[in-house]
Amino acid sequence: MAYYVGVDLGATNVRAVVADDDGTVIGNSDDNTPHAPTGIIVTEAVLRVVREACDDAGIDPEEATAAGIGAIGPLDLAEGAVENPANLPDTIDRIPLTGPLSVLLDTERVYLHNDTNAGVIGERFHSERNPDDMVYLTISSGIGAGVCVDGNVLSGWDGNAGEVGHMTLDPQGHLTCGCGHDGHWEAYCSGNNIPRYAEFLYREDDVETTLPVEDPDFSAVDVFEHAGNDEFATYVVDQLAHWNAMGVANIVHAYAPLIIYVGGAVALNNPELTLDPIRERMDEMVMSNVPEIELTTLGDEVVVMGAVASAMTDGTGDRARL
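Residues numbered from 1 in each chain as written. Predicted model: local features only at pLDDT ≥ 70, side-chain atom pairs only at ≥ 80, totals over all residues. Heavy atoms only, no water.

What to know about helix α9 (residues 271-285)
The criterion, for reference: Only DSSP runs of H or I reaching four residues or more are called helices, and only runs of E reaching two or more are called strands; each is numbered from the N terminus. Expected span, for any helix, means 1.5 Å times one less than how many residues it has. Across the chain, bend at a residue is computed as the angle between axes fitted to the seven residues ending at that point and the seven starting from it. Working definition: with a 1.4 Å probe on protein chains only, accessible area under 20% of the residue-type maximum means buried, over 50% means exposed, and in between means partly exposed. The contact criterion used is simple: two residues touch if any of their non-hydrogen atoms lie within 4.5 Å.
For α9, with 15 residues, the first-to-last C-alpha span of 20 Å sits near the 21 Å given by 1.5 Å per residue. Of all the bends in α9, the largest measures some 25° and sits at arginine 279. Taken together, the buried positions of α9 are Thr274, Leu275, Pro277, Ile278, Arg281 and Met282. Looking at the buried positions of α9, the neighbouring elements they touch are β9 (134-139), α6 (220-226), α7 (231-255), β12 (259-263), α8 (265-269) and β13 (292-295).

This is how it looks when you write it as structure tokens:
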């Protein structure tokens, strides 16, 4: 029996699963991603959930055949680490991953991807429909895309292909992204930044609203919960749809996918308010073929299941490797 480890390291949560040689999950563990002084603390959290997932599966970590990791970026593939993650505190500059996990599992077969590449691998490997030209888009704490063109998952020499959340959509650069640059898609529409964008619009228009804009705990959840009942909240959601549609149109023009699967907490928790307005705008924004735009078939497991698929296929997600 072969065992495979999958890890999903996000800005909010870290999760590990163990699967058997059929890809069936037999052990799992998850925890909050530490927003602690150093990246080593995050590394230790990853190793801890992997140990716990192995324990849940009834195996020793050394029994694992291979592991895949889907992680927030940017990545340094040569070093097997996350470098200066945009959605974690500035004190976390480097998160070593492949080396420590190789030591824990006693295997060199550890494959690191950005989380959205793991997502597109997961969709291609586990879903019934897996065309050679497809995109997995996440709208969550950050925004990114995993891209497959002609059957090849695009990674880039450093592992950072598909960082579409850092496309500049607003040439005015009204808002600064977590990466430090202005006008990025992620600065307006990611879960972390939707409250900041709502506050910006509120200050610009000085409108009446029931949104708790000045509450320190004001969040994206508040915006979507009030949409439809509060005029300003509805306006904010409409503006988010404008930026999201612009970003998706750029993806379509760049990669010509047949289908775009969308995941991440913002989309999964608000599919009608997120996906429907994007679909409605595509005909007026896209000059080429408009792809299907669907919610991910794997829910919030898409990244970790893509990591498992990577582990099972020598980092490729190609079923022919089985």
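Remarks on empty space enclosed by the protein
Over the atoms rolls a probe the size of a water molecule, and its path tells where empty space is left. This is how it is decided: Buriedness of a pocket was judged along seven lines, with at least five required to meet protein on both sides within 12 Å; pockets are open sets of points on a 1 Å grid over the protein atoms alone, cavities are sets where a 1.4 Å probe fits but cannot get out, and lining residues have an atom within 4 Å of a point. Grid points are joined across faces, edges and corners, and a volume is the space filled by probe spheres set on the points.
Inspection of every chain in the model, using the stated rule, returns 1 cavity of 30 Å³ or more. Estimates place the volume of the largest cavity at around 50 Å³. As for the largest cavity, its lining consists of Cys189, Ile194, Phe224, Val237, Leu240, Asn244, Val266, Leu273 and Thr274. Contributing elements (two or more residues each) for the lining of the largest cavity: α7 and α9.

A word on the layout of surface pockets
Rules: Note on residue categories: nonpolar means Ala, Val, Leu, Ile, Met, Phe, Trp, Tyr, Cys or Pro, charged means Asp, Glu, Lys or Arg, and polar means any other residue, Gly included.
As a volume, the largest pocket reaches approximately 1,100 Å³. Thr12, Ser140, Ser141, Gly264 and Ala265 are, among the 48 residues lining the largest pocket, the residues nearest its centre. Top element by residues in the lining of the largest pocket is α8. It accounts for 4 residues. Class assignment of the residues belonging to the lining of the largest pocket gives a composition of 18 nonpolar, 23 polar and 7 charged. By volume, the second largest pocket amounts to about 260 Å³. At the level of secondary structure, the elements contributing two or more residues to the lining of the second largest pocket comprise β8 (110-114), α3 (115-126) and β11 (152-153). In terms of residue count, α3 provides more of the lining of the second largest pocket than any other element does, 4 residues in total.

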